[in-house]
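Okay, here's what each chain looks like letter by letter:
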Amino acid sequence: MLKAMKPMTAAVGALVLMLGVAGCQSNAQTGALVGAGLGALAGQAIGGDTAGTLIGSGVGAGVGYVVGNEVDKRQAPSETVHPHHPHHPHHTPGRAY
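Basis of the calculations
- Residues numbered from 1 in each chain as written.
- Predicted model: local features only at pLDDT ≥ 70, side-chain atom pairs only at ≥ 80, totals over all residues.
- Heavy atoms only, no water.
- Helix = DSSP H or I, 4+ residues; strand = E, 2+ residues; numbered from the N terminus.
- Buried < 20%, exposed > 50% of the residue type's maximum accessible area, 1.4 Å probe, protein only.
- Contact = heavy atoms within 4.5 Å.
- Areas by Shrake-Rupley, 256 points an atom, 1.4 Å probe, with all protein chains shown as cover.
- Expected span 1.5 Å × (residues − 1).
- Salt bridge = Lys/Arg side-chain N within 4 Å of Asp/Glu carboxyl O.
- Axes fitted to C-alpha atoms, helices over the stretch in contact; angles between N-to-C directions.
- Parallel < 35°, antiparallel > 145°, perpendicular 65-115°, else oblique.
- Left-handed = near helix turned anticlockwise from the far one by under 90°.
- Nonpolar A, V, L, I, M, F, W, Y, C, P; charged D, E, K, R; others polar.
- pLDDT = per-residue confidence, 0-100.

**Looking at the overall build of the protein**
Part 1: Helices and strands together make up the secondary structure of the protein, namely 3 helices and 0 strands.
Part 2: Overall, the protein shows an N-to-C arrangement of helices and strands of α-α-α.
Part 3: Residues classed as buried in the protein amount to 14% of the 97 residues present.
Part 4: Long-range pairs, those at least 24 residues apart, make up 41% of the contacts in the protein with a sequence separation of at least 6.
Part 5: In the structure as shown, the protein presents an accessible area of about 7400 Å², 68% of it carried by carbon and sulfur atoms.

**Thoughts on helix α3 (residues 50–75)**
Part 1: The end-to-end C-alpha distance of α3, which contains 26 residues, comes to 37 Å, matching closely the 38 Å that a straight helix rising 1.5 Å per residue would cover.
Part 2: Those residues of α3 that sit buried are G52, G56, G60, G64 and G68.
Part 3: Packing partners of the buried residues in α3 comprise α2 (27–47).

**Quick notes on the pattern of salt bridges**
Part 1: As enumerated under the stated definition, the model contains 1 salt bridge in all.
Part 2: Two residues, K73 and E70, come together in a salt bridge whose shortest N-O distance is 3.3 Å. Pair noted here: K73 and E70 are both in helix α3, with a separation of 3 residues, about one helical turn.
Part 3: Judged by relative accessible area, K73 falls into the exposed class, the value being 52%.

**Description of the environment of D72**
Part 1: Take D72: it is sitting in helix α3.
Part 2: Along the backbone, D72 and A28 are 44 residues apart, and their C-alpha atoms lie at a distance of 6.9 Å.
Part 3: Sequence-distant contacts of D72, that is, excluding residues within four places in its chain, are made with S26, N27 and A28.

**Section: the packing of α2 against α3**
Part 1: α3 packs onto α2 with a crossing angle of 155° between their chain directions and a minimal axis gap of 6 Å. Judged by the angle between their axes, α2 and α3 are roughly antiparallel. Relative to α3, the crossing made by α2 is right-handed.
Part 2: When grouped by side-chain class, the residues that make up the contact of α2 with α3 number 7 nonpolar, 15 polar and 1 charged.

**Digging into the confidence of the model for the protein**
Part 1: Averaged over all residues, the pLDDT of the protein is 77; the fraction at 70 or higher stands at 57%.
Part 2: Mean pLDDT values over the elements of the protein span from 62, in helix α1 (residues 2–22), up to 93, in α3.

Spelled out as structure tokens, the structure:
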């Protein structure tokens, strides 16, 4: 009976992962979710017990978040404004710098 439940568990896990990814608002969140799932699978495959699954999930979530956060940083528009630019908050028109 346990072997018959493994495909069902994998299918439910895949469905939950897909629904979770669809609701993420940033690459960091998506990376954490995907990393946790993949880490849990790897932890279970390597350790074969609950502790391995939990450790893999935690490590995967951390790594996934860091990677996704870096992607978010690269995709964000630059907010750096040159100090002599007219839209700089301390720019006074007609004032020499």
